[in-house]
Amino acid sequence: MGLLAAFAVLALAPQDPTPSPAPRPATVLAAQEERGEAADAGVLAQLAQGDDEAVAARAAWALGRTKGGAALDGLQAVVQRSRHAEARLQAMHVLAERAQPEASPTALAAATDADARVRATAARFLGAVKPSGAIQALTAMVERTAQQANGAPSPDVPAALLALRALAAGEQLLQVAR
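Here, residues in each chain are numbered from 1, in the same order as that chain's written sequence. Two thresholds apply to this predicted model, a pLDDT of at least 70 for residue-level local features and 80 or more for giving and counting side-chain atom pairs, whereas whole-chain, interface and lining totals are computed over all residues. For side-chain calculations, the full set of non-hydrogen atoms in the structure is used, while hydrogens and water are omitted.

J.: When you look at the overall build of the protein in this model, what are you seeing that I'm missing?
T.: Secondary structure assignment for the protein yields 11 helices and zero strands. Helix and strand assignments come from DSSP, with helices taken as H or I runs of at least 4 residues and strands as E runs of at least 2, each series counted from the N terminus. Counting from the amino terminus, helix and strand elements in the protein follow one another as α-α-α-α-α-α-α-α-α-α-α. Exposure classes here rest on a 1.4 Å probe applied to the protein chains alone. A residue is buried below 20% of its type maximum, exposed above 50%, and partly exposed in between. Here the protein, with 178 residues, has 42% of them falling under the buried criterion. Any pair of residues with heavy atoms lying within 4.5 Å of one another is described as a contacting pair. Sequence-distant contacts, at least 24 apart, represent 61% of the contacts inside the protein between residues at least 6 apart. Using the Shrake-Rupley algorithm and a 1.4 Å probe, accessible areas are obtained, with residue cover drawn only from the displayed protein chains. A total accessible area of about 10000 Å² is found for the protein, and carbon and sulfur atoms account for 58% of it.

Right, here's the structure in full:
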């Protein structure tokens, strides 16, 4: 059979109408992790907001290793929208380490996060970057936690107090100490 006849046979052969399954998130993540700093920030940000909590946290960590503006945007999206506390914590940790003022609105919003560890990390960012509104956000964080904690220790309070000290907010420190 000639080459042309072989192509004709293949073209006329019945095709499987079912599409191949999409790769599993863990498989996609592993491929992105292998790329290191060159990983696709958009793909990692999507994985960090997915259903699998372990994949989401690892993706947020990997996103923190990437470079460029897309990484910053992705990290902020994870802090703002991921339903997984571990993913939000990983992303907020990277934002606090980088201390880029562009992430200030995200850190200010994270000061009200449901997870105390995320709030504590946001407080660290706010104390380092000193954006407008930081003192009010930190004061509110301490007051809100004091009302909810019923005497139980929470990691966000010491972090907020240290950030207020870094902001030279002595009056607010005295206010929340009462």
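From this point, the narrative continues.
J.: What's the story with the packing of helix H10 (residues 156-166) against helix H11 (residues 170-177) in this structure? I'm lost.
T.: When two helices pack together, their arrangement is captured by the angle between the axes and the distance separating the axes. Where H10 meets H11, the axes come as close as 8 Å, and the angle between the chain directions of the two elements is 155°. Classed by the angle they form, the pair H10 and H11 counts as roughly antiparallel. Handedness of the H10/H11 crossing: left-handed. Seen from H10, the contacting residues are Leu161, Leu164 and Arg165; seen from H11, they are Gln172, Leu173 and Val176. For this classification, the nonpolar set comprises Ala, Val, Leu, Ile, Met, Phe, Trp, Tyr, Cys and Pro, the charged set comprises Asp, Glu, Lys and Arg, and every other residue, Gly included, is treated as polar. Here the residues of the contact of H10 with H11 are counted per class, giving four nonpolar, one polar and one charged. For every element, the axis is a line fit to its C-alpha atoms; helices are fit only across the contacting stretch, and the angle between N-to-C directions ranges from 0 to 180 degrees. Any angle from 65 to 115 degrees is called roughly perpendicular, while one under 35 is roughly parallel, one over 145 is roughly antiparallel, and all others are oblique. Crossing handedness: left-handed means the near helix sits turned counterclockwise from the far one by under a right angle, and right-handed means the same turn made clockwise.

J.: What am I meant to see in the pattern of salt bridges here?
T.: Between side chains of opposite charge, a pair can form when the charged atoms approach closely. By convention in these notes, a salt bridge is any Lys or Arg side-chain nitrogen within 4 Å of a carboxyl oxygen on Asp or Glu. Evaluated as defined, the whole model comprises seven salt bridges. For Arg117, the salt bridge is made with Glu86, and the minimal N-O distance between the two is 2.6 Å. In this pair, Arg117 is assigned in helix H8 (residues 116-129) and Glu86 in helix H6 (residues 85-98), connecting sequence segments 31 residues apart. Residue Asp156 pairs with Arg119 through a salt bridge whose shortest N-O separation is 2.6 Å. With Asp156 in helix H10 and Arg119 in helix H8, this pair connects stretches of sequence that are 37 residues apart. As far as the burial class goes, Asp156 and Arg119 line up, both buried. Shared partners join several salt bridges into a network, and the residues in it are Glu86, Asp115 and Arg117.

J.: Got a minute to help me understand unusual backbone geometry in this structure?
T.: Most peptide bonds are trans, and most residues other than glycine sit at a negative phi. One non-glycine residue, Lys130, lies in positive phi territory at about 60°. With respect to the element layout, Lys130 can be found in the loop between H8 and helix H9 (134-149). Even without a glycine there, the phi angle at Ala168 is positive, about 55°.

J.: Whenever I open this one, the side chain of Asp113 confuses me. Can you help?
T.: Locating Asp113 in the fold gives a position in the loop between helix H7 (104-110) and H8. Two N or O atoms count as a polar contact when they lie within 3.5 Å, although within protein this holds only if one can serve as hydrogen donor and the other as acceptor, and sequence-adjacent residues are included solely when both atoms are side-chain atoms. A polar contact is formed between the side chain of Asp113 and the side chain of Arg88, at a distance of 2.8 Å. Not counting residues up to four positions away in its chain, the partners in contact with Asp113 are Arg88, Val118 and Arg119.

J.: Help me understand the nonpolar core in this model?
T.: Considering soluble globular proteins, one finds that nonpolar side chains tend to be buried as a cluster. Ranked by size, the top nonpolar core spans 48 residues in total, and within it Leu44, Leu63, Met92, Phe125, Leu126 and Leu138 carry the most contacts. Those elements that provide at least two residues to this core are helix H3 (41-47), helix H4 (53-65), helix H5 (69-81), H6, H7, H8, H9 and H10. Apart from the residues within four sequence positions on either side, Leu138 is in contact with Ala123, Leu126, Ala160, Ala163, Leu164 and Leu167. We call a set of buried Ala, Val, Leu, Ile, Met, Phe, Trp, Tyr and Cys residues a nonpolar core when their side-chain atoms join them within 4.5 Å.

J.: In this structure, what is going on with the packing of H4 against H6? I would like to understand it.
T.: Contact geometry for H4 and H6: axes closest at 7 Å, N-to-C directions at 15°. Taken together, the axis directions place H4 and H6 in an arrangement best described as roughly parallel. Relative to H6, the crossing made by H4 is right-handed. Seen from H4, the contacting residues are Glu53, Ala56, Ala57, Ala60, Trp61, Leu63, Gly64 and Arg65; seen from H6, they are Glu86, Ala87, Gln90, Ala91, Val94 and Arg98. Here the residues of the contact of H4 with H6 sort into eight nonpolar, two polar and four charged.

J.: Honestly, the side chain of Thr121 in this entry has me stumped. Any pointers?
T.: Mapped onto the elements, Thr121 comes out in helix H8. Engagement of the side chain of Thr121 in a polar contact is seen with the backbone oxygen of Arg117, the distance being 2.9 Å. The contact partners of Thr121, leaving out residues within four places of it in the chain, are Leu89, Met92, His93 and Ala96.

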